[in-house]
Amino acid sequence: MTVTNIVRRCEELDFDSVGILEHLNSDPVHPLEKLAELVAEFRTVCSPVSLFVGSELDILDEQGTVSGSREIKEDLRLDYYLASAHSSAQMDDVDSPQEFSRRYNQMIIGAIEKCDFIDVIAHPWAEVHRVIRRGMFDSWTFDDVPESCRKELIAALAEHDTAIEVNAKTSDNFNNTAYRSFLQRVCRAGIKVAVGSDAHCIEQI
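Quick notes on the rules
Each residue is numbered by its place in its chain's sequence as written, counting from 1. In keeping with the model being predicted, local features are shown solely for residues with a pLDDT of at least 70 and side-chain atom pairs are shown and tallied solely at 80 or more, while totals for entire chains, interfaces and linings include all residues. Heavy atoms throughout the structure, all of them, feed into the side-chain values; hydrogens and water do not. Note on conventions: DSSP H or I runs of at least 4 residues are helices, E runs of at least 2 residues are strands, and numbering of each starts at the N terminus. The globule rule used for comparison is 2.2 Å times the number of residues to the exponent 0.38, while the radius of gyration itself is calculated over C-alpha atoms. To sort residues, take the accessible area from a 1.4 Å probe on protein chains only and compare it with the maximum for the residue type: under 20% means buried, over 50% means exposed, and anything in between is partly exposed. The Shrake-Rupley method, run with a 1.4 Å probe, gives the accessible areas here. Residue values count only the displayed protein chains as cover. Note on charges: Lys and Arg go in the positive column, Asp and Glu in the negative column, and His and the chain ends are not counted at all. Charge coordinates come from a single atom per side chain, which is NZ of Lys, CZ of Arg, CG of Asp or CD of Glu. One fewer than the residue count of a helix, multiplied by 1.5 Å, yields its expected span. The arc in question is formed by the directions pointing from the helix axis toward the C-beta atoms. Should any heavy atoms of two residues lie within 4.5 Å, those residues are counted as being in contact. A 3.5 Å cut-off defines polar contacts: any pair of N or O atoms within that distance qualifies, except that in protein one atom must be a possible hydrogen donor and the other a possible acceptor, and neighbouring residues in sequence count only when both atoms are side-chain atoms.

(A) Expanded view of the overall build of the protein. Each helix and strand in the protein was counted, giving 7 helices and 6 strands. Each helix and strand of the protein, ordered N terminal to C terminal, gives the series α-β-α-β-α-β-α-β-α-α-β-α-β. On C-alpha atoms alone, the protein measures out to a radius of gyration of 17 Å, which is about the 17 Å that the 2.2 N^0.38 rule sets for 205 residues. With the C-alpha coordinates of the protein rotated into their principal frame, the extents come out at 50 × 35 × 35 Å. Looking at the protein residue by residue over its 205 residues, the buried ones come to 49%. Here the protein displays about 10,400 Å² of accessible surface, and carbon together with sulfur accounts for 47% of that area. In the protein, 20 positive and 36 negative side-chain charges are present, and the distance between their average locations comes to 3 Å.

Written as structure tokens, this is what we have:
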């Protein structure tokens, strides 16, 4: 998963553009130094594909605290930040799909409102699978997202010019009527939609 190999694979797939990133969070395998190394390699690669480099941050709480900063983005000259709510530890007292959806929505909106340096909310609601595995409830579909949450999220995305991502981690939703309707409303509101493979190996691109 070097930058060069990723770019060559995307050339083979005839992509027009590709975003390459490293996570930045408290996990020992995702320190700032690793992101800096990726960026340094990125600066050496040339391609007919339009290339963008960024980082994926964790949303840490319902106040929208994230694992990165504007200063890091500027210092490394990153093109974009993704932000995603990975922390299922914040959901210890959740006991229903609807409560999960409300709490999760609050984390996302907190980050949108607090951190105007975030460009994309990545794979929203993907964290639900970890919560289900912990036995906190049995199942979840997009229908469990209250209409009030959908409206609040669309309003926050539009107001702060933040994109929302569709990728493989949320593929369970793709044929859900409520989810498709939500994305149509997102587009009608003029909100950008990012499409990502969330590939962690070459074969997943």
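Having seen it, we continue.
(B) Representation of helix α7 (residues 177-188) in the model. Along its 12 residues, α7 runs 16 Å from first to last C-alpha, staying within 8% of the 16 Å computed at 1.5 Å per residue. Taken residue by residue, α7 has Ala178, Tyr179, Phe182, Leu183 and Val186 as its buried positions. The buried residues of α7 occupy an angular sector of 140° when the element is viewed end-on, so they sit on one face. Facing away from the buried surface of α7 by more than 90 degrees, the exposed residues are Thr177 and Arg188. Tucked inside the fold, the buried residues of α7 contact α6 (147-159), β5 (163-167) and β6 (193-196). Where α7 begins, the side chain of Asn176 points an oxygen toward the backbone nitrogen of Ala178, at a separation of 2.8 Å. Just downstream of α7, Gly190 is the residue with a positive phi angle, here 80°.

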